[in-house]
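One-letter residues, chain by chain:
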Amino acid sequence: MDSSDIGSFSKKGNDLGQYRVYGNYCIGFDASKLVRRGFELVECEYDSKKIKDWILLKEKVDEWKGPLHDWEKDCAAGHLLEAARRKFKGKDFESEEEVRIVAQSVSGKWGQWQKRFPNSALAMSSGFPPVYFRDHPIHKCPVPYVKFFLTNEECDIDDHASISYQEMRERKLQFETRCKRKRLPITDIIVGPMADQSTAKVSCEMLISAMGYLDVEVLDSKIPYRG
């Protein structure tokens, strides 16, 4: 299985450092509603000692111990270290207070997982999002990615233990094409310090209204603009 960080958020709102690095708009979300099977929210840890303590604490939990077989223990330990990798970030980025949306999916190694984990791993597999590919604009190589959206439907595949990776992926792609998607839980938008801020605010209000976000408030940042 593979995991990847597909989206990054910050617990900080209306922060000058974030505007300088990432853009002119701060979009607020209700994090409790950013929940979908196959994805998880991970709050970053920037202290190497704390992440080691987190690993030592988690290894005592049944979820991470693994059964008595050595290879299953190795697998459980690998999952724990992978979870720590998703959570840890360099201390220089601590001011960002980052929260990540992380996805797990299966790759072409599907057949290996079918043989080694006939029950537990495959029982979870139908919840993993399918992998798409796009061309890298500079390096001209395929870039794998997954799509995040919210829906009331689930893609449950009862015969997942007996079908190939290609069949599993095709069914999931068909599901993502036809399922009805919900609007993202946007709470508000803050227009950062910029030239013509009032014009940008009006344009933003028109845009989100046209997209159906009728209850989202658009605010002006009070941080002074020094253009």
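As a reminder, the structure under discussion sits directly above these lines.
Residues numbered from 1 in each chain as written. Predicted model: local features only at pLDDT ≥ 70, side-chain atom pairs only at ≥ 80, totals over all residues. Heavy atoms only, no water.

A.B. asks: Looking at this model, I keep getting lost on helix H7 (residues 165-178). Mind explaining?
C.D. replies: Residue pairs spaced three or four apart in an α-helix point in one direction, given the helix's 3.6 residues per turn. If you check H7, its first and last C-alpha atoms are 20 Å apart, about what 14 residues at 1.5 Å a residue would give, namely 20 Å. Turning to H7, its buried residues number three or more, namely Tyr-165, Met-168, Lys-172, Leu-173, Phe-175 and Glu-176. Summarising the axial view, the buried residues of H7 lie within an arc of 160°, below the 170-degree limit, and thus occupy one face. Among the exposed residues of H7, those oriented more than 90 degrees off its buried face are Gln-166, Thr-177 and Arg-178. (Helix = DSSP H or I, 4+ residues; strand = E, 2+ residues; numbered from the N terminus. Expected span 1.5 Å × (residues − 1). Buried < 20%, exposed > 50% of the residue type's maximum accessible area, 1.4 Å probe, protein only. Arc of directions from axis to C-beta.)

A.B. asks: In this structure, what is going on with the sheet that holds strand E7 (residues 186-191)? I would like to understand it.
C.D. replies: Strands in a sheet are paired, the pairing made by backbone hydrogen bonds, and the direction either parallel or antiparallel. Taken in spatial order, the three strands of this open sheet run E2-E7-E8, and their pairing is mixed. Looking at strand neighbours, the two that pair on one side only are strand E2 (25-29) and strand E8 (217-220), the edges of this open sheet. Direction aside, the axes of adjacent strands within the sheet are offset by 20° on average. As paired strands, E7 and E8 are joined by four bridges and run parallel to one another. Residue Ile-189 lies in a different strand from E8, and its bridge partner there is Val-218. Running over the sheet, helix H8 (residues 197-210) touches E2, E7 and E8 and is turned about 170° from E8. (Pairing = 2+ DSSP bridges. Axes fitted to C-alpha atoms, helices over the stretch in contact; angles between N-to-C directions. Contact = heavy atoms within 4.5 Å.)

A.B. asks: What should I look at first to understand the packing of aromatic side chains in this one?
C.D. replies: When we look at a pair of aromatic rings, we describe it by the centre distance and by the angle of the planes. Inspection of every chain in the model, using the stated rule, returns three aromatic pairs. Between Phe-9 and Phe-29, the aromatic rings sit 5.3 Å apart at their centres with planes inclined by 80°, giving edge-to-face as the arrangement. In this pair, Phe-9 sits in strand E1 (residues 2-10) while Phe-29 sits in strand E2, placing the two residues 20 residues apart along the sequence. For Phe-9, a relative accessible area of 26% corresponds to the partly exposed category. Seen from the ring of Phe-93, Lys-89 lies directly overhead, with NZ or CZ sitting 4.7 Å from the centre. (Phe/Tyr/Trp six-rings, centres within 6.5 Å; stacked < 30°, edge-to-face > 60°. Lys NZ or Arg CZ within 6 Å of the ring centre and 35° of its normal.)

A.B. asks: Looking at this structure, I do not really get the environment of Gln-18. What am I missing?
C.D. replies: Within the fold, Gln-18 resides in helix H1 (residues 16-22). Given a relative accessible area of 17%, Gln-18 falls into the buried group. Taking the C-alpha atoms as reference points, Gln-18 and Gly-192, 174 residues apart in sequence, are found 9.8 Å from one another. At a separation of 3.1 Å, a polar atom in the side chain of Gln-18 contacts the side chain of Ser-10. (Polar contact = N/O pair within 3.5 Å; in protein donor to acceptor, adjacent residues only side chain to side chain.)

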